[in-house]
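Descriptive structure summary
Spelled out from the first residue to the last, the chains are:
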Amino acid sequence: DAKTTQPPSMDCAEGRAANLPCNHSTISGNEYVYWYRQIHSQGPQYIIHGLKNNETNEMASLIITEDRKSSTLILPHATLRDTAVYYCIVRVASYGGSQGNLIFGKGTKLSVKP
Amino acid sequence: NAGVTQTPKFQVLKTGQSMTLQCAQDMNHNSMYWYRQDPGMGLRLIYYSASEGTTDKGEVPNGYNVSRLNKREFSLRLESAAPSQTSVYFCASRGIQGLDTQYFGPGTRLTVL
């Protein structure tokens, strides 16, 4: 699985967009980009994933560059409850019967401030 | 639809005691996982079960055993607890169509004295 690089911490004002970058310059063509977050003392939470195209769901948007070497997770209107550690994970899709465990790095600690 | 549930939420053990951590999911997922998370560190896989009736070791299996009781339940047992097993334990499940979208439980905070 490709290695990812994320800034250790970021701040964001409440109500503003939070843009969290992830560098994955060694990504392979069949590797997906996943984003999870972990709010203090809770289990990790899946946010979004993508392969090539930009993706959007009710939680966030994922922008992947055309060369797929980096991506940005966008929380359009950050709230205090979005304060968490955000993890960018790159891996080949795995289906039933394979290990499929996720390898979490250190992530980006996002602090949303009032 | 409760998702992934874990019991207990907190536990304190003495060295050498045994206990079982329980995990259940109601999403009809095939794969289930046990991770541990130590302070300031990422999650490390202990054991996983790709489907009912199968279990396999992960990155840090020593000192643990698991049972995939049925499709819903996956338990983690510490036979003789050690202080090095003080950690937060998370259970997760994943559906076969879900790529690597895993759903995590709230965690069990275990302290071994």
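Residues numbered from 1 in each chain as written. Chains lettered and ligands numbered in written order. Predicted model: local features only at pLDDT ≥ 70, side-chain atom pairs only at ≥ 80, totals over all residues. Heavy atoms only, no water.

**Focus: the environment of B:Tyr48**
Residues and elements named next belong to chain B. We apply this condition: In DSSP terms, a helix is any run of H or I states spanning at least four residues, a strand is any run of E spanning at least two, and both are numbered starting from the N terminus. Here's how the labels work: a residue is buried when its accessible area is under 20% of the maximum for its type, exposed when over 50%, partly exposed in between, all with a 1.4 Å probe on protein chains only.
Within the element layout of this structure, Tyr 48 appears in strand β5 (residues 43–49). According to the relative accessible area criterion, Tyr 48 is buried, its value standing at 11%. For the pair Tyr 48 and Thr 101, spaced 53 residues apart in sequence, the C-alpha to C-alpha distance is 15 Å.

**Description of the state of the cysteines**
To keep things clear, this is the line we draw: Cysteine sulfurs are considered disulfide-paired once they come within 2.5 Å of each other.
As enumerated under the stated definition, the model contains two disulfides over all chains in all. The residue that forms a disulfide with A:Cys22 is A:Cys88, at a sulfur-sulfur distance of 2.1 Å. Judged by the torsion about the S-S bond (-80 degrees), the A:Cys22/A:Cys88 disulfide is left-handed. With A:Cys22 in strand β2 (residues 18–23) and A:Cys88 in strand β8 (residues 84–92), this residue pair connects regions lying 66 residues apart in the sequence. Each member of the pair, A:Cys22 as well as A:Cys88, is classed as buried. Across the disulfide from B:Cys23 sits B:Cys91; the S-S distance is 1.9 Å. Looking along the S-S bond of the B:Cys23-B:Cys91 disulfide, the torsion reads about -75 degrees, which is the left-handed sense. Taken together, the residues B:Cys23 in strand β3 (residues 19–25) and B:Cys91 in strand β9 (residues 87–94) connect sequence positions 68 residues apart. Each of the two residues, B:Cys23 as well as B:Cys91, counts as buried.

**Description of the pairing of strand β3 (residues 31–38) of chain A**
All names here are of chain A. Applied cut-off: Here, strands pair whenever DSSP counts at least two bridges between them.
The buried count for β3 comes to eight of eight residues, which makes it a mostly enclosed element. The side-chain alternation of β3 yields two buried faces, one formed by Glu 31, Val 33, Trp 35 and Arg 37 and the other by Tyr 32, Tyr 34, Tyr 36 and Gln 38. Looking at chain direction, β3 and β8 are connected through eight bridges and run antiparallel. Within β8, the position partnered with Tyr 32 by the bridge is Arg 91. Pairing analysis gives five bridges linking β3 to strand β4 (residues 45–50), with the strands arranged antiparallel.

**Considerations on the environment of B:Gly53**
All names here are of chain B. Among the secondary structure elements, Gly 53 is positioned in the loop between β5 and β6 (56–57). In this structure Gly 53 comes out as exposed when scored by relative accessible area, which is 69%. When the C-alpha atoms of Gly 53 and Ala 82 are compared, they prove to be 28 Å apart, with 29 residues separating the residues in sequence.

**Describing unusual backbone geometry**
Between B:Thr7 and B:Pro8 the backbone carries a cis peptide bond, its omega angle lying at -5 degrees. Within the fold, B:Pro8 resides in the loop between β1 (4–7) and β2 (10–13). At A:Ser41, a residue that is not glycine, the phi angle is positive and equals roughly 70 degrees. The topology assignment puts A:Ser41 in the loop between β3 and β4. Accessibility expressed as a relative area gives 40% for A:Ser41, which makes it partly exposed. Non-glycine residue B:Asn28 carries a positive phi angle of around 60 degrees. Along the polypeptide, B:Asn28 turns up in the loop between β3 and β4 (31–37).

**Here's the deal with the nonpolar core**
All names here are of chain A. Quick reminder of the rule: Buried residues of nine kinds, namely Ala, Val, Leu, Ile, Met, Phe, Trp, Tyr and Cys, make up a nonpolar core once their side-chain atoms join them within 4.5 Å. In this analysis, two residues are considered to be in contact whenever any of their non-hydrogen atoms come within 4.5 Å of each other.
Residues Leu 20, Trp 35, Leu 73, Leu 75, Tyr 86 and Leu 110 are the most contacted members of the largest nonpolar core, which totals 21 residues. It is β8 that contributes the most residues to this core, four residues altogether. When residues no more than four places from it in sequence are discounted, the contact partners of Leu 110 are Met 10, Asp 11, Cys 12, Ala 18, Leu 20, Leu 75, Asp 82, Thr 83, Ala 84 and Tyr 86.

**Comments concerning the sheet that holds strand β6 (residues 61–64) of chain A**
In a beta sheet, neighbouring strands pair by backbone hydrogen bonds and run either parallel or antiparallel. Residues and elements named next belong to chain A. An order of β2-β7-β6-β5 is seen for the four strands of this open sheet, with the pairing classed as antiparallel. Two strands bound the open sheet, and with one partner strand each, they are β2 and β5 (55–56). Both β6 and strand β7 (residues 70–75) contribute to a ladder of four bridges, which runs antiparallel. Residue pairing in the sheet places Ser 61 in a bridge with Ile 74 of β7.

**Some remarks on the pattern of salt bridges**
Residues and elements named next belong to chain B. How we decide: We count a salt bridge whenever a side-chain nitrogen from Lys or Arg sits within 4 Å of a carboxyl oxygen from Asp or Glu.
The tally for this structure, following the rule as stated, stands at four salt bridges over all chains. In this structure, Asp 38 and Arg 36 form a salt bridge, with 2.9 Å as the shortest nitrogen-oxygen distance. Take Asp 38: its relative accessible area is 12%, and that puts it in the buried class. The partner of Arg 77 in a salt bridge is Glu 79, and the shortest N-O contact between them spans 3.2 Å.

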